[in-house]
Structure formats: C-alpha cells, structure tokens
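Remarks on the overall topology
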Amino acid sequence: MPLANRKLNIEAEQYLAVLDGEVPKWVPRYGLFPDPNSDKPYPSKGIMSTVLPFRTPVEDGKFRDMFGVTYVPTVETGGMSLPEPNNFILDDIRNWRDVIKVPDLSNVDWEAQCKKDLEAAGDLSQHVISFGTHVGYFQHLMNFMGFTNGLTAMIEEPDEVKELYEYLSDFYVGMYEKQLGYWGEYIDVLGITDDTAAAYNPFISNEMFQDLVKPYHARLGKLAQDRGYHVMMHNCGRCEDAIEDWRDYGVDSWNPAQVTNDLDAIKAKYGNSLVLIGCWDSSGPAGWPDAPEEVVRQAVHDTIMHYGKGGGFMFWGSVYGPVDDPAPENKRRWMQEAYNEYRELPYK
C-alpha cells in the first residue's frame, strides 16, 4: 500500500480521487511526466527499473531490446519506435526455446538495485505512483515474429504460444515480486500493457484472447490486487470486447480509450468503476497535421464536456509529427491551454 501520511499535490489528489471512483473537483490530466506547457504540478510519476537492458543502441536511432529485436524510429510519430520490418528473430514458434532467452537475474542484488532506482525517481510523496515494465505478451509475440507469422502461430500452435508466454510470465512475475518487495509501499497503480487491437477491430477473437493472453495478464493483475493497487490497462484500438476479462483481474482504468470503441455505452455500464483515459479523437480534424488552433481548442472542450460529467474520466490527447516540426508543439500548447480553461466545466 502507498506511503502513509504523504502529502499529494493538488493535481495528484484529483487524479487519485478519480481512480478511487470519486467525483473530482476538476478533470485530471493523465501523464507520467511534467508538461512543459503547464505551470501546474504534475499528478503522476512512474518508478522505472534499470535492471533490464531495454534499449541497446545500434545505429541511426535504432536500438535492440533484451531479446534481440531491432526497433526503428518513425518520423511521423516524433521518433516512436516499431520493430524493424522483415528483420524478425523468430520464424517458427516451435523453435522459440532456442531463440528467446530471458536475462539471468540470479546474481542481482535486489535491495541495492531497487534502492538505486528509487533514489533516481526522486521525491515520490507528492505524486500518484505507477509501476509497469514490459510491452505485453501478445505484443512480444508480434515483435518476435511479425504479425503474419505471429497470428499464424496463435492459430496453428496454441500450445507452443502458451509455453512461451508461461516462460515470459514466470520471468516477469518473479522480477515484479522482487521489486515490489522493496517498492511496494510507494505504488498506487500497476500498469498492464498489450495492444491486442487495430483501430476498428481486435487482432484476435475474444475466445483466443481468453485462452492465450488473459491468463498471463491475470498473473500481473493478481500481484496488484493482493497488494491493494489500482490496475491500469493500456490497450489501443477497438478493444472493448475484452473489458469484462480485464475486470476479472482488477482493471479499473484504461488508456487511451479511443473513440472507435462505444465509449458512451462503456461509461454508462461501468460508471466511475472504470476510468476512461483519453477519449480523444486522434484521427479526427483536431489530429490532422494542419489543424487550426480553434479546431484543436474546440475538440479539447468537447471531449472534456462529453466524458467528464460525473467523474470516471481523465483527459489525455495525443499529438504526433516530426520532432523538428513546430506544428505538433503548437498543438500541444493549444491543448494544454484549452485543458486549463475547460477542465472545471463539467463540475460547475
């Protein structure tokens, strides 16, 4: 459980109130890092683990993860990375034991390692604290094999996929348990990540999700539930089919809750017990590269007013574009200014 007698900043108080199912004084803004366009204290922070070699630089902005998957930055997303096309490390799921090797952590001094990472995180007493590490089991398989071979493996060799996921799950859950033994009192939220959906439909059936993916998410969810943490699910695209399954392992907030899902029906069904984070139409007019200021500001207003009433909502809007293009930064500034102006409206 979180530290006793801590003094959250005023933004964090409202952020945690929403997670607790309460109606806040204003719509909180989701995020783990300070916004350079805001003069308000940021509400949430993440504890980052440095025990794993997440990013080993290669060249031209590329990097490799701890399994050997090479990632390349994309200009359109401001440098966010994707697995390098046609350079996957696993071509036959039956050979995964020869290719996929988790790091050996048997000699890690967990007390010293966790103390180091905790010190690097700085003062945690004023923020809602989140913890999470890996990209997700479904995503791991797609990163290892690519979507064509990865999805084929799930259909043709489900037992091999399960054994791979069991291997990864044992590693991650064991690591989490070690870390939470030293960080547990600081944590409010455990995050689970897995992008199992495209923009308009899931990549896999709900039955396949329940059989091949859910059990391993549930192991992470149980860690959180046993310790009294909130569980936040990150899943892009139209993934609403899986919400009931998420709920089985404690999920009480979801980002980015994109508009291709029936968000009105979801909010009506779950109320404040499932916090919708985002609800931003990134492909709509406000997300277009040449969107004018008035369109962006109006979209912020409409999103906050539509989803903020009654609580159960945090605002988050995505802006993408080349790093050296001033247009995305202008839109971020307009969004922050509009958010500051409109965030209290649903509760007045």
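You'll find the structure just up there.
The notes below deal with the structure included here. (Residues numbered from 1 in each chain as written. Predicted model: local features only at pLDDT ≥ 70, side-chain atom pairs only at ≥ 80, totals over all residues. Heavy atoms only, no water.)

Attention now moves to the pattern of salt bridges. Under the definition given, this model contains 22 salt bridges. Among the salt bridges present, the one from Lys222 reaches Asp226, with a minimum N-O distance of 2.7 Å. Remark: Asp226 and Lys222 occur in helix α6 (residues 206–227); sequence separation between them is 4 residues, near one turn of the helix. In this structure, the salt-bridge partner of Glu240 is Arg238, at a minimum N-O distance of 3.5 Å. Overlapping salt bridges, with partners in common, bring together Glu293, Arg297, Arg333 and Glu337 in one network. (Salt bridge = Lys/Arg side-chain N within 4 Å of Asp/Glu carboxyl O. Helix = DSSP H or I, 4+ residues; strand = E, 2+ residues; numbered from the N terminus.)

Once that is clear, we can look at the nonpolar core. Among the nonpolar cores identified, the biggest contains 88 residues, and Met154, Tyr165, Trp246 and Trp254 are the most heavily contacted of them. Among the elements that take part in this core, helix α5 (residues 158–183) stands out by supplying 11 residues, more than any other. Tyr165 has contacts with Tyr137, Phe138, Leu141, Met154, Leu212, Val213 and Tyr216, leaving out every residue within four places of it along the chain. Formed by 13 residues, the second largest nonpolar core is a distinct cluster that contains Val128, Val189, Met232 and Met314. (Core = buried A, V, L, I, M, F, W, Y, C linked by side-chain atoms within 4.5 Å. Buried < 20%, exposed > 50% of the residue type's maximum accessible area, 1.4 Å probe, protein only. Contact = heavy atoms within 4.5 Å.)

Our next topic: the sheet that holds strand β8 (residues 230–234). The 7 strands are arranged β1-β6-β7-β8-β9-β10-β11 in an open sheet whose pairing can be described as parallel. In this open sheet, the two strands that pair with only one neighbour each are β1 (44–47) and β11 (313–315). Averaged over all pairs of adjacent strands, the angle between strand axes in this sheet comes to 25 degrees, irrespective of strand direction. Of the strand pairs in this sheet, β1 and strand β6 (residues 128–131) are connected by 4 bridges, and their pairing is parallel. Bridge pairing in β6 links Ile47 to Phe131. (Pairing = 2+ DSSP bridges. Axes fitted to C-alpha atoms, helices over the stretch in contact; angles between N-to-C directions.)

Our next topic: the packing of helix α4 (residues 137–156) against α5. Where α4 meets α5, the axes come as close as 10 Å, and the angle between the chain directions of the two elements is 160 degrees. Taken together, α4 and α5 sit at an angle that is classed as roughly antiparallel. Considering only the axes of α4 and α5, their crossing is left-handed. Across the interface between the two elements, Tyr137, Phe138, His140, Leu141, Phe144, Ala153, Met154, Ile155 and Glu156 from α4 touch Pro158, Val161, Leu164, Tyr165, Leu168, Ser169 and Tyr172 from α5. Split by residue class, the contact of α4 with α5 holds 13 nonpolar, 2 polar and 1 charged. (Parallel < 35°, antiparallel > 145°, perpendicular 65-115°, else oblique. Left-handed = near helix turned anticlockwise from the far one by under 90°. Nonpolar A, V, L, I, M, F, W, Y, C, P; charged D, E, K, R; others polar.)

Residue Pro256 is reached from Asn255 by a cis peptide bond, and omega for that bond is 5 degrees. On the secondary structure map, Pro256 appears in the loop between β9 (251–255) and α8 (263–270). In this structure, Asp60 is a non-glycine residue whose phi angle is positive, near 55 degrees. Mapped onto the secondary structure, Asp60 falls in the loop between β2 (56–57) and β3 (63–64). Its relative accessible area of 71% is what places Asp60 among the exposed residues. With phi around 60 degrees, Asn86 is a residue other than glycine that occupies positive phi space. Following the sequence through the fold, Asn86 ends up in the loop between β5 (81–83) and α2 (96–99). What makes Asn86 exposed here is its relative accessible area of 76%.

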